[in-house]
Amino acid sequence: MLLYTTPSRKQRLHKSAVGGAASLCNHLAIPEAERYDAQDRQPRRTNINRQSARIGLVLALLLACAPARAAELIVFTRGVMNDIGPNDRPKPAERVKSVSLYALRGEYEPFTFAVHNDGGAPLLLTARSAPLYPRRADRLRPIPASCVEVRGLKRGAKFRWRRTGDWVLDRAGEASTGPGANARFWATVHVPPNAAPGDYDGKVTIAAGDQSAVLKIVLHVAKAELRDVPGVKFYLLGTVSPYGQYHRWVKPAQEKALRPKVVAFYRELKQHGMTGICIKTSDFPYREGKIPGLIAEAEAAKEAGLTGPIVWNMLALIDAAKGGDRYDFNGRMDNWDEKKDLARLRVLHALATAEAKKRGWPEIIYCPIDEPGTQYENRSFLLRSMDILLKTTRELKKLGVRCHSTISEPVDDKHNRAPRWSKTPDEMRKLWDKCRPTLSVRNYGYGYPQGKTDFHHEMRDAKKRGHEVWTYYNAAVMGRDRRCARICFGLWGWRAKLDAVTAWTYPGGRTVQFEMVREGIDDHKAIAVLESLIKNRKGNEADRRAAQKFLHDLGAAIQLDKNGFISNWPACAKAVRLDTLKQRLITHIDKLAD
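Student: An account of the overall build of the protein is needed here, citing residue identities and associated values.
Tutor: A tally of helices and strands in the protein yields 14 helices and 21 strands. With 594 residues in all, the protein has 52% of them scored as buried. Element-wise, carbon and sulfur atoms account for 52% of the exposed surface of the protein, whose accessible area totals about 28,400 Å².

Here's what the structure looks like:
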């Protein structure tokens, strides 16, 4: 019996090395050692041939054991609006030796870069920033290196409450990459509010072993300071602090230990442009006469500098949370009792009002129900939720406070069609019409107001009644479209003259998408600075006219669909030239700020 086997990879490499090296040695060194058979003309190997083969094998093994080729650190970028894949090869035009930034005083200005590992071994890269030195050295202080944050990016992470597949800001100044792959970094320059205007030069040094590269930073600091937009707010509605969603389970000793983490959590939200907090039913299950969750969260937010109105998501406290078996807890609207729950609403208002006055809190906006009219799988809950909205907002209006709710399906076309969604045409719109007079803060789902109740109609009705109009768009925070994040929280809010831009969801940590939300808010703030300079007649007349034309053209470039929304984010970004927007804004600001 004959047994045939396939040679292993190691055997094939050995055979190849022996044969190749022996042939080379024979050809170069001892050709006379070959003897040919007279009949078949095949060479007969002598001892010298075998010795040559051994020499070749040694040479091949030495080559195999040689260290991998040293890596060339190729630094490249596609700007903050475009992602770089782990294995994308840099194009010649993407390789950079410097980045140019434009920022107002007090702003957090981002930039990003990747390092391509062109070698044959994995690399652990470090990126260290240096101070930014003013080009005018007289009387000007540098921006310290501590104001330049550099973090490695990693794809995906699990935070406390959810998992994200987005790029996440990870280790400070470190990232790793394999051969032929990329390491990504995200950097943020925080311009101190007291920084002198002008141009600054700095650098980031990237190193891996004895290899290094330098990325220069050229920063222009504007002559104006970034400030909050008067009357405009930004919120994440579904945030849960390190205290957890239900404060009842936090013991006193735990609360004391967690307090610094909660303050840091809210401070990070403030640094990303948020103006206030939305407390998510923190005192559920309700204990009669006690609201320790509201107190703890509001006090931490105040310490962190979040001074905007507190949106109190209190729906489970008054049995107004979404109903049905898939929402399995006692605060569901299955248990709604008008007499009992309206009485509890009055008690909660009295408790919160007393605490706010004693502790110096900002205004509390009450949120008694979320997305009423959305449970189409159970018609009784659909109608009950609209009734709860009507009854609770009437009660809060009597108490002299403002109330908030999110509105989506009652104002779209789809859910007002009979007989699939409504028993009669426009049934949901008619139920919503009853609630219009008493809901003083309307938070519309992005894209939902349509047809007879499009965004233009809803905006006119709200302004006529003295109500505020907010929008919420979860994809702007949880999605991957950087243009959507930036434009939604920035140019869209400005173009639509919104009172607030919000989202229900929060990634649970710093993602690239969340960083772009901040950039959008900063765009909105920079526009407000320019508008203020024009209004106060700063600069000369020609420069003011040029700035007014710039803002007019910018608004005209933001194309809205028939219902009043942006339906194509990439097209909008191209139309407004988003990549150079900040530079053009600051050019006009500097002329007027003189």
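On we go.
Student: Describe the nonpolar core, naming the residues involved and giving the relevant values.
Tutor: Ranked by size, the top nonpolar core spans 120 residues in total, and within it Tyr266, Trp312, Phe489, Leu491 and Trp492 carry the most contacts. For this core, the element with the highest residue contribution is helix H11 (residues 512-535), accounting for 12 residues. The contact partners of Leu491, leaving out residues within four places of it in the chain, are Arg486, Ile527, Leu554, Ile558, Val576, Leu578 and Leu581. Formed by 33 residues, the second largest nonpolar core is a distinct cluster that contains Val75, Leu132, Val148 and Val150.

Student: Describe the sheet that holds strand S16 (residues 310-313), naming the residues involved and giving the relevant values.
Tutor: In space, the 3 strands of this open sheet follow the order S15-S16-S17, with parallel pairing throughout. Single-partner strands in this sheet number two, and they are strand S15 (278-280) and strand S17 (364-367). Here the strands of the sheet are splayed against their neighbours by 20 degrees on average, with no regard to which way each runs. Bridge count for S15 against S16 is 3 bridges, and the pairing is parallel. From the neighbouring strand, Ile279 faces S16, where its bridge partner is Trp312.

Student: Give me the pairing of strand S8 (residues 148-158): which residues, what numbers.
Tutor: Regular strands show a simple pattern: their side chains alternate between the two faces of the sheet. Bridging between S8 and strand S11 (residues 182-190) involves 5 bridges; their strand directions are antiparallel. Residue Gly152 lies in a different strand from S11, and its bridge partner there is Phe185.

Student: Describe the side chain of Asn117, listing the residues and the values that go with them.
Tutor: Along the chain, Asn117 falls in strand S5 (residues 108-117). The exposure class of Asn117 is buried, given its relative accessible area of 0%. A distance of 2.8 Å separates a polar side-chain atom of Asn117 from the backbone oxygen of Ala121.

Student: Lay out helix H12 (residues 541-557) with the relevant residues and their values.
Tutor: For H12, built from 17 residues, the straight-helix expectation of 24 Å at 1.5 Å per residue is met to within 8% by its first-to-last C-alpha distance of 24 Å. Arg544, Ala547, Phe550, Leu551, Leu554, Gly555 and Ala557 are the residues of H12 that are buried. Taken end-on, H12 shows its buried residues confined to a sector of 165 degrees, consistent with a single buried face. Turned more than 90 degrees away from the buried face of H12 sit Lys549 and His552, all of them exposed. Among the structural elements, helix H10 (482-495), H11, helix H13 (569-575) and helix H14 (581-593) are those in contact with the buried residues of H12.

Student: Describe the packing of H12 against H14, with residues and values.
Tutor: Contact pair H12 / H14: the axes reach a minimum separation of 9 Å and the direction vectors enclose 155 degrees. In terms of axis orientation, H12 runs roughly antiparallel to H14. The handedness of the crossing between H12 and H14 comes out as left-handed. Of the residues in H14, those in contact with Asp543, Arg544, Ala546, Ala547, Phe550 and Leu554 of H12 are Leu581, Arg584, Leu585, His588, Lys591 and Leu592. Across the contact of H12 with H14, the residue classes tally to 7 nonpolar, 1 polar and 4 charged.

Student: Talk me through the sheet that holds strand S19 (residues 441-445); I want residue IDs and the actual numbers.
Tutor: In a beta sheet, neighbouring strands pair by backbone hydrogen bonds and run either parallel or antiparallel. Pairing within the open sheet is parallel, and its 5 strands lie in the order S14-S21-S20-S19-S18. The sheet is open, and its two borders are formed by strand S14 (233-236) and strand S18 (404-407), each paired with just one other strand. Each strand of the sheet is rotated relative to its neighbour by a mean of 25 degrees, with strand direction disregarded. Bridge count for S18 against S19 is 4 bridges, and the pairing is parallel. Opposite Thr406, over in S19, you have Asn443 as the bridge partner. Running over the sheet, helix H8 (residues 455-465) touches S19 and strand S20 (468-472) and is turned about 175 degrees from S19.

Student: Would you mind going over the packing of aromatic side chains in detail, with residue names and values included?
Tutor: If you walk through the whole model with that rule in mind, you get 19 aromatic pairs. Their ring planes at 15 degrees and their centres at 5.2 Å tell us that Phe113 and Phe185 sit as a pair that is stacked. Taken as a pair, Phe113 in strand S5 and Phe185 in strand S11 lie far apart in primary sequence, 72 residues in all. For the pair Phe113 and Phe185, a shared accessibility class is recorded, and that class is buried. Ring centres 5.7 Å apart and planes at 35 degrees place the aromatic pair Trp492 and Phe565 in the tilted group. Of this pair, Trp492 sits in helix H10 while Phe565 sits in the loop between H12 and H13, placing them 73 residues apart in sequence. The burial state of Trp492 is the same as that of Phe565; both residues are buried. Three or more aromatic residues joined by ring pairs make a cluster, and in this case those are Trp432, Tyr444, Tyr446, Phe455, Tyr473, Trp492, Phe565 and Trp569. Of note, Arg184 hangs over the ring of Trp167, and the distance from its end group to the ring centre comes to 4.8 Å. The ring of Trp421 is capped by Arg420, whose NZ or CZ atom sits 4.1 Å from the centre of that ring.

So, how was this worked out
Residues numbered from 1 in each chain as written. Predicted model: local features only at pLDDT ≥ 70, side-chain atom pairs only at ≥ 80, totals over all residues. Heavy atoms only, no water. Helix = DSSP H or I, 4+ residues; strand = E, 2+ residues; numbered from the N terminus. Buried < 20%, exposed > 50% of the residue type's maximum accessible area, 1.4 Å probe, protein only. Areas by Shrake-Rupley, 256 points an atom, 1.4 Å probe, with all protein chains shown as cover. Core = buried A, V, L, I, M, F, W, Y, C linked by side-chain atoms within 4.5 Å. Contact = heavy atoms within 4.5 Å. Pairing = 2+ DSSP bridges. Axes fitted to C-alpha atoms, helices over the stretch in contact; angles between N-to-C directions. Polar contact = N/O pair within 3.5 Å; in protein donor to acceptor, adjacent residues only side chain to side chain. Expected span 1.5 Å × (residues − 1). Arc of directions from axis to C-beta. Parallel < 35°, antiparallel > 145°, perpendicular 65-115°, else oblique. Left-handed = near helix turned anticlockwise from the far one by under 90°. Nonpolar A, V, L, I, M, F, W, Y, C, P; charged D, E, K, R; others polar. Phe/Tyr/Trp six-rings, centres within 6.5 Å; stacked < 30°, edge-to-face > 60°. Lys NZ or Arg CZ within 6 Å of the ring centre and 35° of its normal.

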